Amino acid sequence: MQIISTIFTLSFFTICCLKFMHAADPPLSLDYYKSSCPNAEAIVRKEMECAVLSDLRNAALILRLHFHDCFVQGCDGSVLLDDTFTLQGEKNAPTNLNALKGFEIIDRIKNKLESECPNTVSCADILTYAARDATVLVGGPYWDVPAGRKDSKTASFSLVESNLPGANDGLLSIIAKFMYQSLSVTDMVALSGAHTIGMARCTNYRERIYGDYQTTSTMGDIAETHLKTLKATCPAAGGGDNNEAAMDYVSPNLFDNSYYHILLRGEGLLNSDQELYSSILGVQTRKLVKQYAENAIAFFEQFSESMVKLGNITNPETYVDGEVRKNCRFVNT
C-alpha cells in the first residue's frame with residue numbers, strides 16, 4: 001500500500017511539474033521544424049509576399065489576428081476557429097466581430113504546408129510567422145520566431161471581452177491588461193506602435209473624434225481637415241459603424257514611427273492610443289512615446305523584442321491536450 005501511495009504521489013508531482021514547466025517555459029525553439037519541415041518559414045514568407053503584394057492592408061490584418069489570438073488563451077490559434085454545434089469560437093465576440101479579417105490568408109498558407117509537411121506545422125506557429133513577415137514586408141523590423149506551439153481544441157468567447165484592450169479604455173485599464181499577459185509598460189507602448197499600419201472602425205473612434213480630439217490636438221490646418229473627413233464618414237448620431245479610417249493617416253501602409261509623431265500632436269485616432277501620451281497618469285508612457293518618435297531604431301528594436309514576448313505567451317493546456325490542426329478553422333476529428 002505504501003508503494004502504491006508513493007507511486008501516486010510521484011505521478012501527481014510529475015504532472016504538476018510538467019504543467020508548471022509548460023506554463024513558465026514553453027518548449028519553443030528557433031529550429032523546431034529544422035528536420036520535420038525545413039521549408040516551413042520560406043513557405044509562409046512566400047504566401048505572405050503574395051498577400052501583401054495584392055493588398056498592403058493585409059499586413060495589418062495578420063498582425064491584428066496574431067495579437068487577438070495571443071491575448072486570449074495564449075498564442076494557440078483559438079482565434080482561427082469557426083463556430084460549430086459543439087464549439088463557440090472567438091470570431092463573433094463583440095470586440096472581434098467585423099474587426100478581424102485575413103483568415104483566408106492563413107488558410108492558404110496552411111494548405112501549402114499540409115501539402116509539403118502533413119500534420120506538422122501548427123496554425124498557431126503559422127500565424128506567428130506570418131505576423132513577423134507581414135511587418136517586414138511593409139518596412140518593419142525582422143525578428144527570429146521561436147516555434148513549437150500547439151493548436152488548442154478550445155476557444156473563449158468571454159475572454160475576448162475581458163482580456164483585449166478596448167478602443168476607449170483608460171490608461172490604467174490598458175496597462176493592467178498587458179501586465180496580465182506578463183507584458184510591461186514598455187512592451188505596451190512598443191506594441192501599440194503596430195497601429196502605424198491598419199484601419200480602425202468608426203464605432204471605435206466615434207467617441208474620440210466627438211470627444212476630446214480638439215482638446216488634445218494642436219489643430220493645425222491638416223488636423224482640422226482630417227477631423228472634418230473623419231466626422232463626414234462617422235456621424236455623431238450613429239450609422240456608418242463599419243466605415244474605416246487609418247490609425248496613421250500620414251503613412252498608413254508603411255511600418256514606421258509616424259504613429260508616435262501623431263500622438264505627440266494629440267491626433268491619435270483612438271482614445272486608447274492618445275492616452276499613452278495625454279493621460280495625466282502617463283509619466284512613463286509619455287517618455288516612451290517621445291523616445292520612439294525621436295528614434296525609429298529604438299522603436300524597431302523594442303518592437304521586435306516585445307513581439308517575441310507576445311508570441312511566447314502560450315496556452316499550457318495545449319502541451320497536455322493540444323494538436324496540429326489539419327484545417328485551422330476546425331479542431332481535428
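As shown above, the structure is provided for reference.
Residues numbered from 1 in each chain as written. Predicted model: local features only at pLDDT ≥ 70, side-chain atom pairs only at ≥ 80, totals over all residues. Heavy atoms only, no water.

S.K.: Please clarify how empty space enclosed by the protein should be interpreted in this entry.
M.R.: A water-sized probe rolled over the atoms picks out the places where empty space is left. According to the stated counting rule, one finds one cavity of 30 Å³ or more in the structure shown. Counted as a void, the largest cavity has a volume near 60 Å³. Taken together, His66, Thr128, Trp143, Asp144, Val145, Pro146, Arg149, Met307, Val308 and Gly311 make up the full set of residues lining the largest cavity. Class assignment of the residues belonging to the lining of the largest cavity gives a composition of five nonpolar, three polar and two charged. (1 Å grid on protein atoms, 1.4 Å probe; cavity = no way out; pocket = protein on both sides within 12 Å on 5 of 7 lines; lining within 4 Å. Points joined across faces, edges and corners; volume = space filled by probe spheres on them. Nonpolar A, V, L, I, M, F, W, Y, C, P; charged D, E, K, R; others polar.)

S.K.: It is not clear to me how the packing of aromatic side chains should be interpreted in this structure. Could you clarify?
M.R.: Between two aromatic rings, the relevant description is the distance of the centres plus the angle of the planes. On inspection of all chains with the given rule, the structure shows 14 aromatic pairs. Summarising the aromatic geometry, the rings of phenylalanine 255 and phenylalanine 299 are spaced 5.7 Å apart at their centres and angled 5° between planes, so their arrangement reads as stacked. Note that phenylalanine 255 is positioned in the loop between β2 (244-246) and α12 (258-264) and phenylalanine 299 in helix α15 (residues 296-311), a separation of 44 residues in sequence. No difference in accessibility class separates phenylalanine 255 from phenylalanine 299, as the two residues are buried. Relative to phenylalanine 300, the ring of phenylalanine 299 lies with its centre 5.7 Å away and its plane at 65°, an arrangement referred to as edge-to-face. Of the residues examined, phenylalanine 299 reaches a relative accessible area of 0% and is grouped as buried. Positioned over the ring face of phenylalanine 103 is lysine 91, at 4.1 Å from the centre of the ring. (Phe/Tyr/Trp six-rings, centres within 6.5 Å; stacked < 30°, edge-to-face > 60°. Helix = DSSP H or I, 4+ residues; strand = E, 2+ residues; numbered from the N terminus. Buried < 20%, exposed > 50% of the residue type's maximum accessible area, 1.4 Å probe, protein only. Lys NZ or Arg CZ within 6 Å of the ring centre and 35° of its normal.)

S.K.: When you look at the pattern of salt bridges in this model, what are you seeing that I'm missing?
M.R.: Note on pairing: side chains with opposite charge can pair once their charged atoms come close. Going through the model one piece at a time under the given rule, you end up with 16 salt bridges. Note that arginine 208 and aspartate 212 form a salt bridge whose closest N and O atoms lie 2.8 Å from each other. Note on arginine 208: relative accessible area 0%, which makes it buried. Given a relative accessible area of 33%, aspartate 212 falls into the partly exposed group. Residue glutamate 267 pairs with arginine 265 through a salt bridge whose shortest N-O separation is 3.5 Å. (Salt bridge = Lys/Arg side-chain N within 4 Å of Asp/Glu carboxyl O.)

Without other data, these values stay purely geometric and don't point to any function.
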